[in-house]
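The lines below spell out each chain.
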Amino acid sequence: MIGWKRKRLLLDHKEEGRRSACHRKEMKIEIDQEMKLFTVGPAQMYPHTVAVRNQVVPYFRTPEFSEMMLENEKFIKKFADAKEDAKVIFLTSPGSGAMEATVMNCFDKRDRVLVISGGTFGERFEQICAIHGIPYEGLKLKPDEKLTGAHFQKYENRDFTALLVNLHETYTGQLYDIELIRDFCERNHLYLIVDAISTFLCDEYHMEKYHIDATIISSQKGLCLAPGLSVVILSDKIVRQKVLEHSVQSLYFNFKEYLLNMKRGQTPFTPAVGICFELYDMLRHIEIQGIERRLEEVKTRCNYFRGKIGNLPIHLPSYPLSNAISPIRFEKDIAVDMFRYLKDKKKMMVNPVGGELGKRSIRVSHIGDLKLEDYDALTDELKLFLSKY
Ligand SMILES: *Cc1c(COP(=O)(O)O)cnc(C)c1O
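Residues numbered from 1 in each chain as written. Predicted model: local features only at pLDDT ≥ 70, side-chain atom pairs only at ≥ 80, totals over all residues. Heavy atoms only, no water.

Caption draft 1: The site of the ligand, seen in detail. Taken together, 14 residues are adjacent to the ligand, and Ser96, Thr170, Asp195, Gln220 and Lys221 come closest. A distance of 2.5 Å separates an oxygen atom of the ligand from a polar side-chain atom of serine 96. At 2.8 Å, a side-chain N or O of glutamine 220 approaches an oxygen atom of the ligand. Across the complex, the protein chains shield 87% of the 390 Å² of accessible surface that the ligand would expose by itself. Elements with a minimum of two residues in the shell around the ligand: helix 4 (95-106) and helix 5 (120-131). No other element matches the 3 residues that helix 4 contributes to the shell around the ligand. For the shell around the ligand, the per-class residue count stands at 4 nonpolar, 7 polar and 3 charged. (Near = heavy atom within 4 Å. Polar contact = N/O pair within 3.5 Å; in protein donor to acceptor, adjacent residues only side chain to side chain. Areas by Shrake-Rupley, 256 points an atom, 1.4 Å probe, with all protein chains shown as cover. Helix = DSSP H or I, 4+ residues; strand = E, 2+ residues; numbered from the N terminus. Nonpolar A, V, L, I, M, F, W, Y, C, P; charged D, E, K, R; others polar.)

Structure follows, in structure tokens:
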């Protein structure tokens, strides 16, 4: 008996120890509120978003929540410049989940899709097609290669049914020419699927004008919300001809269920309720401000920063760029040290770049709650750092 009690006591002590170790750890991973995010997602959040996040998450199977979601649908369509009969799907997933869901719900082995593959996000579309057994070809671009009309020549008059593109390939920063892509799709009668995750609310975007059949958006980029909510806007054409005709092998990612539920402002499963509120708050802010002014703000920060770095030993790629980020390149392999210096010493978080490109490149974002003074401070640090190398 005594032995048992002692053992129990020892266990209690151990448990106590574990708990305080946990506690110590928790202290260490507190979010550094001083850190400025020059990153494209999560981006520097606006105070009004933080205020919404600070509220208790409510129950959602209510007429009030439905009404808010229908408003979200209306605003999203408006800002994407979508047709009146376009349909919106709200998914609780990161952007990649929405990319996969869209491909799964629209295409199968009878299709043949062309993927513009100019970086890691283009490769992700290829990977999704491979996993789901959808025949595809990648239009491969080299790291510094600009997409031009010539690239499309060998793909004309073939048996493709769709084109998939990350309109802003965030890995390289290239913003592809949407008119070029639209014209190719028109000539060849292809569905056009656009991952607009890092260009929506950063650059102009017109779903109807460019005959886009699906637009994929994620909460943590141009919307500057918490990650976890993705939105897919579908043209009526692709809903009727593809989504409704299709039997998709998935419980969670079955768009038919989402379309049905969204008629009354609901989702088939529990959505990221808190982020749906952040979304409503953000869309209303943009509605009041005006989408043009919102885009103008991003452009102003972008041009200001690019102007300031003009005489530093830095260059930008020569292909067209999004206003969302400046993918700056150095002449030496200093990007990793630079990233660490800015983060650890100056509390400035820039986007590192993975892979080979990452040794000489960092990306600076122009979305979120950033002021021109923030770019002054960042440029001063870049200047100082570069003068030492
Ligand atoms: C960020 C991003 C995604 C999605 O990333 P997740 O981490 O899955 O949210 C997809 N495409 C592009 C172009 C992006 O910039």
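Having seen the structure, we can now continue with the description.
Caption draft 2: Up close: a negative patch on the surface. Together, Asp81, Glu84, Asp85 and Glu208 make up a region of like negative charge exposed at the surface. When you line up the elements, glutamate 208 lands in the loop between strand 8 (191-195) and strand 9 (214-218). (Patch = residues over 30% accessible without salt bridge, like charges linked within 9 Å, V, L, I, M, F, W, Y side chains within 5 Å. Salt bridge = Lys/Arg side-chain N within 4 Å of Asp/Glu carboxyl O. Lys, Arg positive; Asp, Glu negative; His and termini not counted. Charge placed at Lys NZ, Arg CZ, Asp CG, Glu CD.)

Caption draft 3: Up close: the sheet that holds strand 1 (residues 36-38). Strand order in the open sheet formed by 5 strands is 1-13-14-12-11, with mixed pairing between adjacent strands. Both outer strands of the open sheet, strand 1 and strand 11 (314-315), are each paired with one neighbouring strand and no more. Of the strands in this sheet, strand 12 (325-330), strand 13 (348-352) and strand 14 (361-365) are in contact with helix 12 (residues 335-346), which crosses strand 13 at around 155°. (Pairing = 2+ DSSP bridges. Contact = heavy atoms within 4.5 Å. Axes fitted to C-alpha atoms, helices over the stretch in contact; angles between N-to-C directions.)

Caption draft 4: Spotlight on the environment of arginine 124. Turning to its location among the elements, arginine 124 is positioned in helix 5. Residue classification places arginine 124 among the partly exposed positions, given a relative accessible area of 29%. A sequence separation of 180 residues divides arginine 124 from tyrosine 304, and the C-alpha atoms of the two residues are 32 Å apart. In this structure, arginine 124 is in contact with Ser96 and Met99, ignoring residues within four places of it in sequence. Polar side-chain contacts of arginine 124 include one of 2.7 Å to the side chain of serine 96. (Buried < 20%, exposed > 50% of the residue type's maximum accessible area, 1.4 Å probe, protein only.)

Caption draft 5: Summary view of the side chain of serine 361. Position of serine 361 among the secondary structure elements: in strand 14. Polar side-chain contacts of serine 361 include one of 3.1 Å to the backbone oxygen of isoleucine 328.

Caption draft 6: Structural view of the pairing of strand 8. Counting buried residues along strand 8, 5 of its 5 residues qualify, which places the element largely inside the surrounding structure. Side chains of strand 8 alternate between two faces, with Tyr191, Ile193 and Asp195 and Leu192 and Val194 buried alike. Note: strand 5 (residues 162-166) against strand 8, 5 bridges, orientation parallel. Each bridged residue has a counterpart across the sheet, and for leucine 163 the counterpart in strand 8 is leucine 192. In this structure, strand 8 lies alongside strand 9, joined through 3 bridges in parallel fashion. Looking across to strand 9, one finds that isoleucine 193 is bridged to alanine 214.

Caption draft 7: Structural detail: the packing of aromatic side chains. A complete count under the given rule lists 13 aromatic pairs for this structure. Arranged with centres 6.5 Å apart and planes meeting at 90°, the rings of phenylalanine 200 and tyrosine 205 form a pair that is edge-to-face. On the basis of relative accessible area, phenylalanine 200 is assigned to the buried category, the value being 2%. (Phe/Tyr/Trp six-rings, centres within 6.5 Å; stacked < 30°, edge-to-face > 60°.)

Caption draft 8: Representation of the nonpolar core in the model. Within the largest apolar cluster, 67 residues are counted, with the highest numbers of intra-cluster contacts made by Ile116, Leu163, Ile181, Leu192, Phe200, Tyr205 and Ile233. It is helix 10 (residues 273-289) that provides the largest number of residues to this core, a total of 7 residues. The contact partners of phenylalanine 200, leaving out residues within four places of it in the chain, are Ile76, Phe79, Ala80, Tyr205, Ile217 and Gly222. Core analysis: the next-biggest nonpolar cluster, separate from the first, contains 32 residues, Ile193, Val243, Phe253 and Phe255 among them. (Core = buried A, V, L, I, M, F, W, Y, C linked by side-chain atoms within 4.5 Å.)

Caption draft 9: Structural view of helix 12. For helix 12, spanning 12 residues, the distance from its first C-alpha to its last is 15 Å, which sits close to the expected 16 Å at 1.5 Å a residue. Of the residues making up helix 12, those classed as buried are Ala335, Met338, Phe339, Tyr341 and Leu342. Down the axis of helix 12, the smallest arc covering the buried residues is 165°, so these residues share one side. Those residues of helix 12 that are buried lie in contact with strand 12, strand 13, strand 14 and helix 13 (372-388). (Expected span 1.5 Å × (residues − 1). Arc of directions from axis to C-beta.)

Caption draft 10: Local environment of unusual backbone geometry. The residue after glycine 41, namely proline 42, is reached through a cis peptide bond having omega -10°. Structurally, proline 42 is set in the loop between strand 1 and helix 2 (47-53). Non-glycine residue lysine 347 carries a positive phi angle of around 55°. Structurally, the position occupied by lysine 347 is in the loop between helix 12 and strand 13.

Everything listed here is a matter of coordinates, which is why it stays silent on function.
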